[in-house]
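Each chain, letter by letter, is given below.
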2 protein chains.
Amino acid sequence: MTQDLFKEKWAIYEQHISQKGLKSTRQRDVIVEEFFGEHEHLTVEELWQRVRKIDSKIGYATVYRTLKLLSESGLAHKRQFGEAQARFEHATDHHHDHLICMSCHQIIEFENDEIETLQERVCKKHKFQLVHHKMELYGYCEKCSAKKGRGI
Amino acid sequence: MTQDLFKEKWAIYEQHISQKGLKSTRQRDVIVEEFFGEHEHLTVEELWQRVRKIDSKIGYATVYRTLKLLSESGLAHKRQFGEAQARFEHATDHHHDHLICMSCHQIIEFENDEIETLQERVCKKHKFQLVHHKMELYGYCEKCSAKKGRGI
DNA sequence: TCGATTTTGATAATCGTTTTCAATATTGAA
DNA sequence: TTCAATATTGAAAACGATTATCAAAATCGA
Ligand SMILES: [Mn+2]
Ligand SMILES: [Mn+2]
Ligand SMILES: [Zn+2]
Ligand SMILES: [Zn+2]
């Protein structure tokens, strides 16, 4: 992520909390900083483990609360990939969908405009006003397919 | 559902339990009969309410256990439409995906072979071995769109 | 019928997530 | 800077869907 984009996201976050009349705190700053730091699909637990390395006192609930704020401001997306725990990723500029490896849990992102167009066509046919969608393809990634083939 | 298909499903169910060395019970028969009775996307709670009208003594856990048996035998599919509670539908002969109304919770089913083909193409491109997928389109059905338009 | 085995319903346990609450931190005004 | 109003925190309890436990009851082949 570029420095400019990084700053822009911080600005969006700060505008969101100020507009809700909230206060800024050290804990939230650590969590947001860490969340913006890299693009992965993290569980709350995983993010909590990371922020704890910076401030070991930060509570589990605060991570939940901060992720809710980030989701509200459109900076985070909550995902449910058929696991018990939800995952959060930080929002990209373009919509994308996911391939999910059932063996190693690797997540591959993809965009496909043709599919999106066809989805809209399906909706139009049913006079359905589309808001958002979820498309997840489950199977085995290249590495895990190879392992399975060799009976590992 | 035709009478023949109905009987065929019962046969599959009975074969499944006999092959697992299980016994047949009145409670399960009531639950399976009710589940096969119509094609809806039911929560456990909703199915429990229905079977209770036939036998008020049937327990919640037995409904869960029977739905697990039906899922194992391929006669039921568990769905998670972004609600807390899972829904179960009885298996159709063809794969299909769903439009989900965010207002009235109506569920519309559709099939689109073009999309399925494109999904396979995406997987091939990533050398990904596809097992199954989830595609859910969320928005507003015709009726609810109209209501929203009129500010209701 | 009998006895081994499965099933049942009630209830407790589990697990991710949300709420509660008293102590603490932030903030704008004086 | 001091103050008071208000938001925030972390720990723990509550929540809600689902699963596990268990003793009593039902099934079923011999
Ligand atoms: Mn992603
Ligand atoms: Mn369906
Ligand atoms: Zn893999
Ligand atoms: Zn609707």
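Attention here is on the structure that accompanies the text. (Residues numbered from 1 in each chain as written. Chains lettered and ligands numbered in written order. Predicted model: local features only at pLDDT ≥ 70, side-chain atom pairs only at ≥ 80, totals over all residues. Heavy atoms only, no water.)

Quick look at the coordination of the manganese ion (ligand 1)
Donor atoms from the polypeptide that coordinate the manganese ion (ligand 1) comprise A:H41 (NE2), A:E89 (OE), A:E89 (OE), A:H96 (NE2), A:H98 (NE2) and A:E109 (OE), at 2.1 to 2.7 Å from the metal. Note that the manganese ion (ligand 1) binds 6 donor atoms; their angles at the metal cover 52 to 169°, and the shape is irregular. (Donors = N, O, S within 2.8 Å, 3.2 Å for Na, K, Ca; no water. Tetrahedral: all angles 85-135°; square planar, octahedral: opposite > 155°, others 65-115°.)

Some details on the coordination of the zinc ion (ligand 4)
Residue and element names in this part refer to chain B. Binding of the zinc ion (ligand 4) to the protein goes through C101 (SG), C104 (SG), C141 (SG) and C144 (SG), at separations of 2.1 to 2.4 Å. One can describe the donor arrangement at the zinc ion (ligand 4) as tetrahedral, given that its 4 donor atoms subtend angles of 100 to 117° at the metal. Each donor residue of the zinc ion (ligand 4) belongs to the same chain, with the gaps between them written as C-x2-C-x36-C-x2-C. Across this residue pair, the class does not change: C141 and C144 are buried. (Buried < 20%, exposed > 50% of the residue type's maximum accessible area, 1.4 Å probe, protein only.)

Describing the relation of the copies chain A and chain B
Of the transformation superimposing chain A on chain B, the axial component is 0.0 Å and the angular component is 179°, with the fit at an RMSD of 0.2 Å. Classification of the inter-copy transformation places it as that of a two-fold axis. Looking at the rotation axis and the C-alpha trace of chain A, the residue lying nearest is A:M135, at 2.2 Å. Comparing interface residues between copies, 100% of those in chain A also lie at the interface in chain B; the contact surface is shared. (Least-squares fit on C-alpha atoms with pLDDT ≥ 70 in both. Contact = heavy atoms within 4.5 Å.)

Here's the deal with the protein's contact with DNA strand C
Near DNA strand C you find 19 residues, and of these A:Y64, B:K23, B:T25, B:R28 and B:T62 are the closest. Here a base oxygen of DNA strand C and a side-chain polar atom of A:R65 are 3.4 Å apart. When residues of the surface near DNA strand C are traced back to their parent elements, those giving at least two are α4 (60-72) of chain A together with α2 (26-37) and α4 (60-72) of chain B. Of the residues forming the surface near DNA strand C, the biggest block, 3 residues, is contributed by α4(A). (Near = heavy atom within 4 Å. Polar contact = N/O pair within 3.5 Å; in protein donor to acceptor, adjacent residues only side chain to side chain. Helix = DSSP H or I, 4+ residues; strand = E, 2+ residues; numbered from the N terminus.)

Focus on the protein's contact with DNA strand D
Lining the immediate environment of DNA strand D, one finds 19 residues, of which A:K23, A:T25, A:R28, A:T62 and B:Y64 sit closest. The sugar-phosphate backbone supplies 73% of the atoms of DNA strand D found within 4 Å of the protein. A:K57 is positioned with one of its backbone polar atoms (N or O) 3.0 Å from a phosphate oxygen of DNA strand D. Note that a phosphate oxygen of DNA strand D is positioned 2.9 Å from one of the backbone N or O atoms of B:A86. At the level of secondary structure, the elements contributing two or more residues to the surface near DNA strand D comprise α2 (26-37) and α4 of chain A together with α4 of chain B.

Focus: the sheet that holds strand β5 (residues 107-110) of chain A
Sheet strands associate in pairs through backbone hydrogen bonding, adopting either a parallel or an antiparallel arrangement. Taking strand neighbours across the sheet as the criterion, the 6 strands line up as β5(A)-β4(A)-β6(A)-β6(B)-β4(B)-β5(B) in an open arrangement whose pairing is mixed. The sheet is open, and its two borders are formed by β5 of chain A together with β5 (107-110) of chain B, each paired with just one other strand. The mean angle between the axes of side-by-side strands here comes to 20°, regardless of whether they run parallel or antiparallel. As paired strands, strand β4 (residues 97-101) of chain A and strand β6 (residues 129-140) of chain A are joined by 4 bridges and run parallel to one another. (Pairing = 2+ DSSP bridges. Axes fitted to C-alpha atoms, helices over the stretch in contact; angles between N-to-C directions.)

Describing the side chain of A:Q119
The topology assignment puts A:Q119 in helix α5 (residues 113-125). A:Q119 has contacts with A:H133, A:M135, B:I115, B:M135 and B:L137, leaving out every residue within four places of it along the chain.

With respect to the sheet that holds strand β1 (residues 42-43) of chain B
All names here are of chain B. Strands sit in the order β1-β3-β2 across an open sheet of 3 strands; the sheet is antiparallel. The open sheet has two edge strands with one neighbour each: β1 and β2 (76-79). Looking at chain direction, β2 and strand β3 (residues 87-90) are connected through 4 bridges and run antiparallel. Bridged to H77 within β3 is E89.

Some words on α5(A)
Here α5(A) is 13 residues long and its end C-alpha atoms lie 18 Å apart, about the 18 Å a rise of 1.5 Å per residue gives. Restricting attention to buried positions, one finds in α5(A) the residues A:I115, A:E116, A:L118, A:Q119, A:V122 and A:C123. Seen along its axis, α5(A) keeps its buried residues to an arc of 165°; they face one direction. Opposite the packed face of α5(A), turned more than 90 degrees from it, sit the exposed residues A:D113, A:E120, A:R121, A:K124 and A:K125. Where α5(A) is buried, its residues meet β4 and β6 of chain A together with β4 (97-101), β5, α5 (113-125) and β6 (129-140) of chain B. With a side-chain oxygen positioned 3.1 Å from the backbone nitrogen of A:E114, the residue opening α5(A) is A:N112. (Expected span 1.5 Å × (residues − 1). Arc of directions from axis to C-beta.)

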